[in-house]
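Topology and contacts: notes
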Amino acid sequence: MTTTSRRMPALQGLLWLLATLASPLALATNPSEGSVSADSPELSFEAGPHLVSNPAYPDTGVCLNPLLVCDDFALTVNVPSDLEANGQVARITVHTVEAGGTDDYDIYLLDAEGNQLNSSTQGGTPEEMVHFVDPGQSNFTIRVIPWLVTGTVANTSVTLEISDGSGGGGQAGGGGNGAPDGRLPFDPEAPRYHVYVSPPEEGNDAGEPTVGWNPLTERAMFVSYTNALRVTFPEKLDEPLPEACAATWENKSGLITTLNSLDPIMYTDQVTGRTFNSQLSGANSLFEYSDDDGESWTPGQIGLPNGGADHQGVVSGPYPEGFPLAGLLYPNAVYYCSQSVATAFCARSDDGGQTFGPGYPFKNTDCAAGALHGHPKVAPDGTLYVPDSSQCVVATGLDGSSEKVVAFVSEDAGVTYDVRPIPQSEGGGADDPSVGIASDGTVYMCYQNADGTARVAVSHDKGLSWENDQDVGAAAGLVSTRFPAMVAGDPDRAACAFLGTTTVGPDADLAFEGVWYPYVATTYDGGETWDLVNVSPNDYVQGFGGVGPSGTNRNLLDFNDLELDNYGRPIFAYADGCIGSCVTDPAANSFAAKGTIARQVGGRTLYAEFDNLAGSRFSTSPIAPAPACAVREQSQRTVNQTLVAWNAPDNGGAPISNYAVYRASSAAGPFEFIGNAGPKTRYVDATADLNVPEYWYKIVAENSVGSAPDSNVISLPIEEVVPVDTCSLPGQTIAVDAVGDSDAPLDDVDFVSISVAEPPAFADHFVITAKVAGFTAGEPLPTAFYPLLFPLLNNLYIAMDVSQATPRFVYGSYVDISSGVLNFSEEGSLDERSTYDASGNIVYVVPKALFGKATGEVLAGFDARSRVVYQSVPSQDTAGPADYLVRGSESCGKSATVLASLQGSTGEGVAPLSVAFTVTGSASEGAQLATFSLDFGDGEYIEDRPFSSEGIATVSHSYLNPGTYRAYLTVTDSQGRKSSNLAEHTVVAVLEERGALSALRGGALGWLLLVLLLPLAWRRRG
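As the structure is a prediction and not an experimental result, all values here were calculated from the model. (Residues numbered from 1 in each chain as written. Predicted model: local features only at pLDDT ≥ 70, side-chain atom pairs only at ≥ 80, totals over all residues. Heavy atoms only, no water.)

**Remarks on the overall build of the protein chain**
What counts, and what does not: Each helix is a run of H or I in the DSSP string that is no shorter than four residues. Each strand is a run of E no shorter than two, and both are numbered from the N terminus. Surface accessibility in these figures is a Shrake-Rupley result with a 1.4 Å probe; residues are shielded only by whichever protein chains are displayed.
Tallying secondary structure elements over the protein chain gives two helices and 67 strands in all. Roughly 36,700 Å² of accessible area belongs to the protein chain as shown, and the carbon and sulfur atoms make up 52% of that amount.

If you want it as structure tokens, here you go:
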């Protein structure tokens, strides 16, 4: 994430003087200068190779050691002088990546006077920063700093973009210098988010999620296909945890809505807390509601008098003023809307969902066919809105008859409707538009325009006129978007959530090589300007392969959802399609649909009454961070190493500069400070005593304002590391699924897990075990079909097919026809050793040649389905998708000993002291060294770096502060086994004047360097 410097005037001036005196020793980039313009908008350059690390002093962009190289590139940017007159904005994007992808470079942008304007210092590469540029010619310096390097080259690209500036001034489009997520970095008023992912056993089939918020219990209800999941956020648990901890997801499904589904939908009434759950079944709906967050469910009307067969929506809200039935049987009117090929209907319930009246059509004949309508919303005055982006031909009075995005508006409780078009819109976008309605009835419509961009228009007269219609994704350079979802709070505050990509191309095609992120655009001034935030900048929602309307890449289906909590914080429900290895390699897209919620945790909300609320995170100026969340599952203590891990908290509107780590030998304390991790969220405790069987740890986050309250406390006893065993059955479990979550109440179709093994007895084969809860009759159902899908392998599938009475194990390819309807083409049989047993283990013995994956490669897919009666029917249950690292069986039965060896070029010297480490070791019998992790003992570490083909690596590290440090090494071989021996090297860095410092004695540069280095005890970056 892009950052802005924290000014330290006196020290910074000294640093700049020092850098100026040292500048003759610096080397230039290759090339050393260049320019971009509208006619030539791109350039690139190299920095390095850098053999020695040379970090910058924190938040300054000044290299700490001026005798070493920090490469500068002179950049000239030429922007048309009539830019503002044309309503346009210009920005440059600077992107740096190291060729090997493992070293850590930072980048800074300086103005012509050497003042820092922007930076990207998140750790590792790539790094990226975005800066808005004024009209005319501007001169900048791009500084590439080798923070932690091993002799590599950094490649940097610069791209100038000139685009429509209708995103407004300030943050979103007009005048600020923005981060890649489109807002001013560390603006304390802008919203900040935390992401909550469903646990491994739940939320695995969450395409088209909807979320309900119960203001009475402050819990959320999340629909994941036929499963109703109750979400309790960590601060609301019986034993509260920091907001940065995981939420609790519980399966609270009913009975009727678990049977089957063509479309799921969920909504929670904001007055009564009643949650409505609907599963579409033909032209009818399997419908029930709960008044206790899913503990019990009451059946509603199953078959509407008339209704559509697709894409239903449920909403409740006030009746229009004077309506005769208002509040007699239930406080709110409940509406159920659905569409058919010819028209679409909304029906109303006056008794809280027990029964519904007739469905009244809301699409006119011109708008009968086309794309899907959006979800209905009800205004405070009882007006019902249904948004639609289909090919509605309406007379706008501006440009004659054309296709427009419209709102169908009913002011008589859903009986008659008017069509209210957005004049500047271009209808026919692929996805539903969404309406958000503010407390005074102001209507915000977020829609995907026909050109793919996400736009928002505002109406103060129920859609009769619209204003501030603009592209809210322009600030991040988004060229295509999907699934807009809108909410509003106060009259001038609203938010739209959507997915977006900056890559131009056929974004619905499997060949598309762009990634998608989740964004939320927020306005605090009635839609004139927008803050745009990437709520998950380190985790794509979809990797390569596009987001399509049908086929393999339709895993996310048709929409997401957005609701508000009691404080006006958006709760963004979406399905994450990129999990497992896809997070680091978008080419390995998993095409998953993992249930996920992003919730605002800081900054201004959509209710102004909570701005600067005492004790809250809704401050309009920077505050100290929130408590971090120590995570036991990600931490580990063994005889070789103690690793403490935590989730980053809300930063308070200023970047977190450090995490202080505390340790105790009992839960009650006392806790002692043991080290700083800098801004990283992991710390290796090099002083842990093996004679102490259990330690307790807590973390304190710090920023420029102050320190956070303590994190939660976790305990770490010494544990034995159990290596992954794929040499015996069932092998490594790669996916788990909740028991009892299948559509049918049958153990036969209820997946439990997927495991993979490579035993020597099955040479050149994988043994894949997909387990269901059991076979009721001791045998598979006579019409059952259990395929495992591998979408990245040309839609390969393997399956146990019982459609011909006797179970057969086959493979072939499949085609996704529409909405999960798959057509399977059988091409051959699996190994005859494939089998099953009465307890529900389905064992596929698959030739490795069918997958084409070698040892050390990742096999992605493993998307298990259970189907009954016909192959093409919707699945009764799913498990996965999941990844498996191919280990091979060559080392099975051989020595499992793995040893690490670490040598350092020196053991003592003057700080800053550079040490060259030689890393090697020996693998288990039949394997090779694969990766290594090296903790330098000063809070810095590197993880899972690959060895060369010779099984050796060299790493240089600078110890900047005086002290004694113990560097620890662990290595992992190609079988996944880790070293068990203690490989360490002790380094003593002192303050004595010798070595490089003595060469400077007597010179102005030497005195300045001594003045600078001797008193500094700055907090390390981790």
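We are not done yet, so read on.
**Observations concerning empty space enclosed by the protein**
What counts here: Each cavity reported here is a set of points on a 1 Å grid over the protein atoms alone in which a 1.4 Å probe fits but cannot get out, each pocket an open set with protein on both sides within 12 Å along at least five of seven lines, and each lining residue one with an atom within 4 Å of a point. Grid points are joined across faces, edges and corners, and a volume is the space filled by probe spheres set on the points.
In total, this model carries six cavities of 30 Å³ or more according to the counting rule given. By volume, the largest cavity is sized at about 210 Å³. What lines the largest cavity is a set of 22 residues, and nearest its centre among them are H375, K377, S434, N560 and D561. When contributions to the lining of the largest cavity are tallied by element, the ones reaching two or more residues are β16 (264–268), β20 (310–317), β32 (480–488) and β36 (561–564).

**Considerations on the sheet that holds strand β67 (residues 983–990)**
Sheet strands associate in pairs through backbone hydrogen bonding, adopting either a parallel or an antiparallel arrangement. Worth spelling out the cut-off: Any two strands between which DSSP finds at least two bridges are classified as paired. Axis definition: a line fit to C-alpha positions, over the contact stretch in the case of helices; interaxial angles, taken between N-to-C directions, run 0 to 180 degrees.
Spatial ordering of the open sheet is given by β61-β67-β66-β63-β64, a layout of five strands whose pairing is mixed. Across the chains shown, the open sheet's two edge strands, defined by having one partner strand only, are β61 (908–910) and β64 (941–946). With strand direction ignored, the average angle separating the axes of adjacent strands in the sheet is 20°.

**Description of a nonpolar patch on the surface**
Using the following cut-off: In this analysis, a patch consists of residues with relative accessible area above 30% that form no salt bridge, clustered at 9 Å for like charges and at 5 Å for the nonpolar side chains Val, Leu, Ile, Met, Phe, Trp and Tyr. Between Lys or Arg on one side and Asp or Glu on the other, a salt bridge is scored when a side-chain nitrogen of the former is within 4 Å of a carboxyl oxygen of the latter.
On the surface, a cluster of nonpolar side chains totalling about 320 Å² of accessible area is made up of L325, L328 and L329. As for its position among the elements, L328 is in the loop between β20 and β21 (333–339).

**Side note on the state of the cysteines**
Where we set the bar: We call a pair of cysteine sulfur atoms a disulfide whenever their separation is within 2.5 Å. Using a 1.4 Å probe on the protein chains alone, a residue whose accessible area is under 20% of its type maximum counts as buried, one over 50% counts as exposed, and one in between counts as partly exposed.
Counted under the stated rule, the structure contains five disulfides. The side chain of C245 participates in a disulfide bridge whose partner is C629; the two sulfur atoms lie 1.9 Å from each other. On the sign convention where negative means left-handed, the S-S torsion of about 105° between C245 and C629 marks this disulfide as right-handed. Here C629 lies in strand β39 (residues 629–630) and C245 lies in the loop between β14 (227–232) and β15 (248–251), a separation of 384 residues in the sequence. Of the two residues, C245 and C629, neither departs from the other in class, the shared state being buried. The disulfide partner of C446 is C496, and the gap between their sulfur atoms is 2.0 Å. Handedness of the C446-C496 disulfide follows from its S-S torsion of about -70°: it is left-handed. With a gap of 50 residues between them, C446 in strand β29 (residues 443–448) and C496 in strand β33 (residues 494–501) connect regions that are remote in the sequence. On the accessibility criterion, C446 (0% relative accessible area) is buried.

**Observations concerning the pairing of strand β8 (residues 127–133)**
In terms of burial, β8 is largely enclosed, as six of its seven residues are buried. Both strand β5 (residues 88–98) and β8 contribute to a ladder of seven bridges, which runs antiparallel. For T96, the partnering residue across the bridge sits in β8 and is E127.

**Examining the nonpolar core**
Note the cut-off: Definition used in this section: a nonpolar core is a set of buried Ala, Val, Leu, Ile, Met, Phe, Trp, Tyr and Cys residues joined via side-chain atoms within 4.5 Å. It only takes one pair of heavy atoms within 4.5 Å for two residues to be counted as in contact.
I768, Y786, L788, F790, Y844, F851 and F862 are the most contacted members of the largest nonpolar core, which has 32 residues in total. Among the elements of the structure, β47 (732–736), β48 (751–757), β49 (765–772), β50 (784–790), β51 (796–801), β55 (841–847) and β59 (882–885) are those that each provide at least two residues to this core. For Y786, the contacting residues outside a window of four places in its chain are D748, F751, V772, F775, I798, A799, M800, I842, Y844, R865 and S866. Residues Y335, Y336, V406 and F408 belong to the second largest nonpolar core, which totals 29 residues.

**A few points about the confidence of the model for the protein chain**
Defined as follows: Each residue carries a pLDDT value, the predictor's own confidence for that position, ranging from 0 to 100.
Overall, the predicted model of the protein chain reaches an average pLDDT of 85, with 86% of residues at or above 70. Confidence drops under a pLDDT of 50 for residues 165–186, and excluding neighbours within four residues, the segment shows 81 contacts in the predicted structure.

**Things to note about the sheet that holds strand β38 (residues 594–602)**
With antiparallel pairing, four strands are arranged side by side in an open sheet as β11-β38-β37-β36. Every interior strand has two partners, whereas the edge strands, β11 (192–197) and β36, have only one. Here the strands of the sheet are splayed against their neighbours by 25° on average, with no regard to which way each runs. For β11 and β38, the ladder comprises six bridges, and the chain directions are antiparallel. Each residue of the ladder has a partner; that of H194, found in β38, is R599.

**Here we look at the side chain of S956**
Its location among the elements puts S956 in strand β65 (residues 953–959). For S956, a relative accessible area of 14% gives the class buried. Residues in contact with S956, not counting those within four places in the same chain, are L51, S53, L148, V149, T150, V915 and A916.

**Structural notes on the packing of aromatic side chains**
To be explicit about the condition: We call Phe, Tyr and Trp rings a pair once their centres come within 6.5 Å, taking the six-membered ring for Trp, and we label the pair stacked below 30 degrees between planes, edge-to-face above 60, and tilted otherwise. Geometrically, a lysine NZ or arginine CZ counts as sitting over a ring once it is within 6 Å of the ring centre and also within 35 degrees of the ring normal.
Taken as a whole, this structure holds 36 aromatic pairs when the rule is applied. With a centroid separation of 4.9 Å and an interplanar angle of 75°, the aromatic rings of F785 and F824 are classed as edge-to-face. Of this pair, F785 sits in strand β50 while F824 is found in strand β53 (residues 821–829), placing the two residues 39 residues apart along the sequence. Each member of the pair, F785 together with F824, is buried. Joined through ring pairs, the aromatic side chains of F276, F287, Y289, Y336 and F356 make up one cluster. If you follow R604 out to its NZ or CZ, it ends over the ring of Y524, 3.9 Å from the centre. The ring of Y695 is capped by R663, whose NZ or CZ atom sits 4.5 Å from the centre of that ring.

**A short note on the pattern of salt bridges**
The tally for this structure, following the rule as stated, stands at 35 salt bridges. E295 is the partner of R230 in a salt bridge, and the nearest nitrogen-oxygen pair spans 3.0 Å. Taken together, the residues R230 in strand β14 and E295 in the loop between β18 (284–290) and β19 (298–299) connect sequence positions 65 residues apart. Judged by relative accessible area, R230 falls into the buried class, the value being 4%. Assessed through its relative accessible area of 47%, E295 is described here as partly exposed. Close ionic contact of R493 with D611 constitutes a salt bridge, the shortest N to O distance being 2.8 Å. Separated by 118 residues along the polypeptide, R493 in the loop between β32 and β33 and D611 in the loop between β38 and β39 bring together distant segments of the chain. Among the charged side chains, a salt-bridge network with shared partners connects E235, E243, D565, R569 and R599.

**Observations concerning unusual backbone geometry**
Most peptide bonds are trans, and most residues other than glycine sit at a negative phi. Put simply, G48 and P49 share a cis peptide bond, and its omega is 5°. On the secondary structure map, P49 appears in strand β3 (residues 42–50). Even without glycine at this site, K462 takes up a positive phi of about 60°. Of note, K462 is situated in the loop between β30 (454–459) and β31 (467–471). Here A805, not a glycine, exhibits a phi torsion of approximately 80°, which is positive.

**Focus on the side chain of D576**
Test applied: Positive charge is attributed to Lys and Arg, negative charge to Asp and Glu, and no charge count is given to His or to the chain ends. In protein, a polar contact requires one atom able to donate a hydrogen and another able to accept it; more generally it is a pair of N or O atoms within 3.5 Å, and residues adjacent in sequence count only if both atoms are side-chain atoms.
Examined against the element boundaries, D576 turns out to sit in strand β37 (residues 570–576). K594 is the oppositely charged side chain nearest to the buried, salt-bridge-free D576, at an N-O distance of 9.3 Å. A polar atom in the side chain of D576 sits 3.0 Å from the backbone nitrogen of C578. In this structure D576 touches D539, Y540, V541, L556, A592, A593, K594 and T596, once residues within four positions along its chain are discounted.

**Re the environment of F356**
Within the element layout of this structure, F356 appears in the loop between β22 (344–349) and β23 (360–361). Linking F356 and C346, residues 10 residues apart in sequence, is a C-alpha distance of 9.9 Å.

**Side note on the environment of G353**
Looking at the element boundaries, G353 is found in the loop between β22 and β23. Among the residues examined, G353 registers a relative accessible area of 0% and is labelled buried. A C-alpha to C-alpha distance of 9.9 Å links G353 and V314, two positions 39 residues apart in sequence. Residues within four places of G353 in sequence aside, it is in contact with F276, F287, Y289, G300, Q301 and V334.

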